[in-house]
Amino acid sequence: MTGVEIKRAAENYVDEAIDDSEAVDAINAALSKIGDIAIIYDTVSITDDVGKQWMDLPATTTYVVEVLDSQGEPYDAWRIRDSMIQLKDPGTYTIHYRRLPEPIDGILDTPEVHPAYHNCLVTYVIGWWKLKDDDESPDGLRHMQQFDAEVMRVFNTLRRRQGPSEIVVIR
């Protein structure tokens, strides 16, 4: 869904027109609340010329999943502090990491979260709109609680193991 489609779905519920700029603000607020559980993975290549330097990771990094050396082999001699990484040995490394979703710039943009989160964004925009004029709106508060529950349901669905289970045999 694009920002326009999210806005239209919310407008159908609230039965009022929502300004494009306000819809973008609400969608970006929802993306911020979804945060790390959007499960967006990315990679960055880092070259350390001398080793043991603290090097900056992208500002939106939330979790380093894996580090690979220049041959694509797993590399384990690294440490994280805040949003920096230290690699023990000099070389070029590929960092696989999880990051925050980027905010949308305009109403025509599609949020870069899994499509299963799109209905959560609609729920948030509805709640945001209802609470905009009345910060004690029962309907607005209900939609915000529903947003939280929907986001966790989607996250748990996406994180579900899909491979074969491991069975421990005790003899």
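Up top is the structure.
Residues numbered from 1 in each chain as written. Predicted model: local features only at pLDDT ≥ 70, side-chain atom pairs only at ≥ 80, totals over all residues. Heavy atoms only, no water.

A. A look at the sheet that holds strand S2 (residues 54-56). The strand order across the open sheet formed by three strands is S2-S5-S4, and the pairing between neighbours is antiparallel. If you trace the sheet from one side to the other, it starts and ends with S2 and strand S4 (78-81), each paired once. Averaged over neighbouring strand pairs, the angle between their axes works out to 30° when direction is ignored. Of the strand pairs in this sheet, S2 and strand S5 (residues 84-87) are connected by three bridges, and their pairing is antiparallel. Along S5, the bridge assignment pairs Asp56 with Met84. (Pairing = 2+ DSSP bridges. Helix = DSSP H or I, 4+ residues; strand = E, 2+ residues; numbered from the N terminus. Axes fitted to C-alpha atoms, helices over the stretch in contact; angles between N-to-C directions.)

B. How the structure looks around the packing of aromatic side chains. Summed over the entire model, instances satisfying the criterion amount to two aromatic pairs. A centroid spacing of 4.6 Å and a plane angle of 45° characterise the contact between Tyr75 and Tyr93, whose relative ring orientation is tilted. Residue Tyr75 is found in the loop between strand S3 (61-68) and S4, and its partner Tyr93 is found in strand S6 (residues 91-99); the two are separated by 18 residues along the sequence. Like Tyr75, the residue Tyr93 is buried in the burial classification. (Phe/Tyr/Trp six-rings, centres within 6.5 Å; stacked < 30°, edge-to-face > 60°. Buried < 20%, exposed > 50% of the residue type's maximum accessible area, 1.4 Å probe, protein only.)

C. Layout of the sheet that holds S6. Strand order across the open sheet formed by three strands is S1-S6-S3, with antiparallel pairing between neighbours. The open sheet terminates on both sides in strands that have one partner only, identified here as strand S1 (40-48) and S3. The mean angle between the axes of side-by-side strands here comes to 30°, regardless of whether they run parallel or antiparallel. Pairing geometry for S1 and S6, over nine bridges, is antiparallel. Of the residues in S6, the one forming a bridge with Tyr41 is Arg98.

D. Spatial organisation of the pattern of salt bridges. Here the structure, examined in full by the defined rule, presents eight salt bridges. Across the pair Asp42 and Arg99 runs a salt bridge, and its minimum N-O distance is 3.0 Å. Within this pair, whereas Asp42 is found in strand S1, its partner Arg99 is found in strand S6, the two being separated by 57 residues in sequence. Accessibility expressed as a relative area gives 30% for Asp42, which makes it partly exposed. Classification of Arg99 by relative accessible area gives buried; the value is 9%. Through salt bridges with shared partners, a single network forms among Lys7, Glu11 and Asp20. (Salt bridge = Lys/Arg side-chain N within 4 Å of Asp/Glu carboxyl O.)

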